[in-house]
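Structural description and commentary
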Amino acid sequence: MAVKIKKLDEYVALTVEAVKVISYADYYTQKPLFTSLRVKNSLAEVLGGLTLSIYNENGLVVNTQKEIGEIPFESAVEIEIGNILSPLYFVGLESVKEEIVFVELRKDKQLISSQQFSVMALPFDYWEGALGNAEQLAAFVRPKLADCARLKTEVAAQLKRWEVASDLNGYENADKNTVLRMAAAVFSCIRRYSIQKTELDFAQACEVGAGVKILAERKASAVETALFFASCLESMGLHPVLLY
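The paragraphs below set out a description of the structure included in this document. Quick caveat: nothing in here was measured; it's all calculated off a predicted structure. (Residues numbered from 1 in each chain as written. Predicted model: local features only at pLDDT ≥ 70, side-chain atom pairs only at ≥ 80, totals over all residues. Heavy atoms only, no water.)

1. Some remarks on the layout of surface pockets
- When its volume is computed, the largest pocket comes out at roughly 230 Å³.
- Residue lining of the largest pocket: 13 residues in total, with Ala138, Val141, Pro240, Val241 and Leu242 positioned closest to the centre.
- Each residue belonging to the lining of the largest pocket can be placed in one class, and the counts come to 11 nonpolar, no polar and two charged.
- What the second largest pocket holds in volume is close to 170 Å³.
- What lines the second largest pocket is Tyr24, Ala25, Tyr28, Phe124, Ala138, Ala139, Phe140, Val141, Arg142 and Pro143. (1 Å grid on protein atoms, 1.4 Å probe; cavity = no way out; pocket = protein on both sides within 12 Å on 5 of 7 lines; lining within 4 Å. Points joined across faces, edges and corners; volume = space filled by probe spheres on them. Nonpolar A, V, L, I, M, F, W, Y, C, P; charged D, E, K, R; others polar.)

2. Some points on helix 6 (residues 222-235)
- End to end, helix 6 covers 20 Å across 14 residues, agreeing with the expected 20 Å (1.5 Å per residue, within 8%).
- Buried-residue contacts for helix 6 involve helix 3 (146-161), helix 4 (176-191), strand 11 (206-207), helix 5 (214-217) and strand 12 (219-220). (Helix = DSSP H or I, 4+ residues; strand = E, 2+ residues; numbered from the N terminus. Expected span 1.5 Å × (residues − 1). Contact = heavy atoms within 4.5 Å.)

3. Re helix 3
- The end-to-end C-alpha distance of helix 3 is 24 Å, a good match for the 22 Å that 16 residues give at a rise of 1.5 Å each.
- At its buried positions, helix 3 is contacted by helix 4, helix 5 and helix 6.
- Looking one or two residues beyond helix 3, the residue adopting positive phi is Glu163, at roughly 60 degrees.

4. Notes on the sheet that holds strand 1 (residues 12-18)
- Pairing is antiparallel in the open sheet, where three strands are placed in the order 1-3-6. Taken across any chain shown, the strands that pair with only one partner, and hence form the sheet edges, are strand 1 and strand 6 (75-78). The sheet shows a mean angle of 15 degrees between the axes of neighbouring strands, direction not considered.
- Relative to strand 6, strand 3 (residues 34-41) is paired through four bridges, and the arrangement is antiparallel. Paired with Arg38 across the strands is Glu78, a residue of strand 6. (Pairing = 2+ DSSP bridges. Axes fitted to C-alpha atoms, helices over the stretch in contact; angles between N-to-C directions.)

5. Considering empty space enclosed by the protein
- Scanning the entire structure with this criterion turns up one cavity of 30 Å³ or more.
- Looking at the largest cavity, its volume works out to about 60 Å³.
- Along the walls of the largest cavity sit Phe140, Arg142, Leu145, Val208, Gly209, Gly211, Val212, Leu227, Phe228 and Ser231, which together make up its complete lining.

6. Quick notes on the pattern of salt bridges
- With the rule as written, the count across this model stands at six salt bridges.
- In this structure, Lys31 and Asp26 form a salt bridge, with 3.7 Å as the shortest nitrogen-oxygen distance.
- Between Arg150 and Glu154 there is a salt bridge, with the nearest N and O atoms lying 3.9 Å from each other. Here Arg150 pairs with Glu154, and both are found in helix 3, just four residues apart, close to one helical turn.
- The exposure class of Arg150 is partly exposed, given its relative accessible area of 41%.
- Here Glu154 falls in the partly exposed class, since its relative accessible area comes to 22%. (Salt bridge = Lys/Arg side-chain N within 4 Å of Asp/Glu carboxyl O. Buried < 20%, exposed > 50% of the residue type's maximum accessible area, 1.4 Å probe, protein only.)

Set out below in structure tokens:
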């Protein structure tokens, strides 16, 4: 005999595990918001007709509804949710903010289980710090920055003074010595700006997006300078590796 729907909350469990910190870099790298999203059916019969809803009141995530197929009796299923982060949210975010994400499970539009969790949302140019994923620093390598184009012109002039022939088009028609000279020219041109070093606290979320204004303000942390250096190399067709 089927269990009445008002009793389903005793037999159906929704388990939610998610990341603690989220940023635009997570959206860019397609990192999932959930580390685990599971629905368990403790009934002695197959359960179907379930709908999972995910939302946030401030637009951190794109409001999502997912139909769940049949769950075998006394079984649990892992629910796969794609990248539901909203890039527009991070563009308008000016400071670190705690957000609440709601997850609700319904059958025939009747709520049978719900969970909510908090996540720290970071502004557009922030990295989650040493406790996070170091590989996400690569998301802040931005070869299309205006200052990269500006420096590229200066690098071309520097190579000409060194009598090095290069069209700054990466590895094409360039031997290893030419590539090394290109990198050296980038370093030389950045050094002329006498960029003042600022301190950065890696123990917590921190801003690493100074590359958009580094030549104008002439100050940046070591990480921001390295990211700008890598951005300039990328703009010239070279592929640097960040070591952290």
